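Observations on the model geometry
Letter by letter, the chains look like this.
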Amino acid sequence: MNGEMIYELNYAVEHGRPVSAEMALAILESSDELLPEIFKAASAMNRRTFGDRAILCSIVSAKSGHCSEDCAFCAQSSRSVDQGVVYPLHEADMILEYRRQIAEYPVAFFSIVTSGLKATHKEVDAICECIEQTKGEDGPQWCASLGCLDIDSLRRLHEAGVVRYHHNLEACEGFFSEICTSHTFADRLATIRAAKEVGMVVCSGGIFGIGETLADRVDLAMTLAREEVDSLPLNFLVPIEGSPLGKVEPLEPLDILRIVAMFRMTNPTAEVRVCGGRAHLRSLESMIYQAGACGMMIGDLLTVEGADLDEDMRMVEDLGLKPQTDVPRD
């Protein structure tokens, strides 16, 4: 089986084709001894599309807390004992200052993120007015993560200058109700389809280490492939005391890298980006690129601090990668 597996992986790379669900599961179940060959294939698949480029993104948590949703993995969930810092939507000046600061680094996308099921029409209007102030300016392209918006709000954002809409499916359809009951998988799927309909590039991935099976991980990867999602952010649970999954043990570094490789091999031309929980990799953090990722999220995350920005830049430089900021909009 080992020889057959490596042959199939190399064949997929040679032809730029995604692997099957069965092969994806085999990647997640693989022995440690096979990982060098798996990573070699995943890295080669990544180079077919992205070469030596690294595509970086960053976010601003523009509204925090008071969330009605019961997502088990989130510190801001209605089920969490402590929702952390709570504040309403930032004023435009504050959001623009965050963007100016991150623009000092070679970041391709800057996303405005708000808590809750969806931003209100008033909040969407305020965000659009903020973004419209930057028309004609240099800097990272605008991305937004504002929940399950209707198509009119998505169209308004796109017209204002939002290039990408971020909306994670979080988990596969069969597991989703185990981690969230206040809205459905179908709701999330409808949102990413609506964002594509209005012309936005879609960024959608998931979170791992939340009790899902290996087959669940494959199912999510195959769903995102069928939806032709452009960018796949991969997150790994950071247990936070007081949240429903606060006592869950984090994933092991090699299992995280297996997930990265599996998503690369099932989605050959999509951006695969490692986001929350990257610190679980410890000394293997730079291996995300060998495992097939083409980028990462830098700066602070929603409810936890991110990695040091200068250290992240040093990692990219040491790997011989070139940050790309002019990512095509379509």
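This text follows the structure it describes.
Summarised in this report is the structure supplied together with it. (Residues numbered from 1 in each chain as written. Predicted model: local features only at pLDDT ≥ 70, side-chain atom pairs only at ≥ 80, totals over all residues. Heavy atoms only, no water.)

A few points about the overall build of the protein
Secondary structure summary: the protein contains twelve helices and eleven strands in total. At 19 Å, the protein has a C-alpha radius of gyration in line with the 20 Å of a compact globule built from 330 residues. Overall, the C-alpha framework of the protein stretches about 60 × 40 × 35 Å when taken along its three principal axes. The buried share of the protein, taken over its 330 residues, is 56%. Residue pairs at least 24 apart in sequence account for 76% of intrachain contacts in the protein once pairs closer than 6 positions are excluded. Of the side chains in the protein, 29 bear a positive and 52 a negative charge, and the two mean positions are spaced by 4 Å. (Helix = DSSP H or I, 4+ residues; strand = E, 2+ residues; numbered from the N terminus. Rg over C-alpha atoms; globule rule 2.2 N^0.38 Å. Buried < 20%, exposed > 50% of the residue type's maximum accessible area, 1.4 Å probe, protein only. Contact = heavy atoms within 4.5 Å. Lys, Arg positive; Asp, Glu negative; His and termini not counted. Charge placed at Lys NZ, Arg CZ, Asp CG, Glu CD.)

Section: helix 2 (residues 21–29)
All of the buried residues along helix 2 are Met23, Ala24, Ala26, Ile27 and Leu28. The inward-facing, buried residues of helix 2 contact helix 1 (2–15), helix 3 (35–50), helix 9 (214–226) and helix 10 (253–266).

Thoughts on the pairing of strand 2 (residues 57–63)
It is a general feature of regular strands that their side chains alternate between the two faces of the sheet. Taken across its seven residues, strand 2 has seven buried, putting it largely inside the fold. In this structure, strand 2 lies alongside strand 3 (residues 109–114), joined through six bridges in parallel fashion. By the bridge assignment, Ser58 is partnered in strand 3 with Phe110. (Pairing = 2+ DSSP bridges.)

So, the packing of aromatic side chains
Applying the stated rule across the entire model yields five aromatic pairs. Here the aromatic rings of Phe176 and Phe185 are separated by 6.1 Å at their centres, their planes lie at 70°, and the arrangement is edge-to-face. For Phe176, a relative accessible area of 3% puts it in the buried group. Accessibility expressed as a relative area gives 6% for Phe185, which makes it buried. An aromatic cluster is built from Phe208, Phe236 and Phe263, whose rings are joined through pairwise contacts. It is Arg164 that lies over the ring of Phe109; its NZ or CZ is 3.7 Å from the centre. (Phe/Tyr/Trp six-rings, centres within 6.5 Å; stacked < 30°, edge-to-face > 60°. Lys NZ or Arg CZ within 6 Å of the ring centre and 35° of its normal.)

Here we look at empty space enclosed by the protein
Following the criterion strictly, the structure yields two cavities of 30 Å³ or more and no others. The calculated volume of the second largest cavity comes to roughly 40 Å³. Every residue along the wall of the second largest cavity is listed here: Glu170, Ala171, Cys172, Phe175, Ile207, Phe208, Ile210, Glu212, Asp216, Arg217 and Leu220. Elements represented by at least two residues in the lining of the second largest cavity include exactly strand 7 (206–208) and helix 9. Per-element accounting of the lining of the second largest cavity gives the leading share, three residues, to helix 9. In terms of residue class, the lining of the second largest cavity is built from seven nonpolar, no polar and four charged. (1 Å grid on protein atoms, 1.4 Å probe; cavity = no way out; pocket = protein on both sides within 12 Å on 5 of 7 lines; lining within 4 Å. Points joined across faces, edges and corners; volume = space filled by probe spheres on them. Nonpolar A, V, L, I, M, F, W, Y, C, P; charged D, E, K, R; others polar.)

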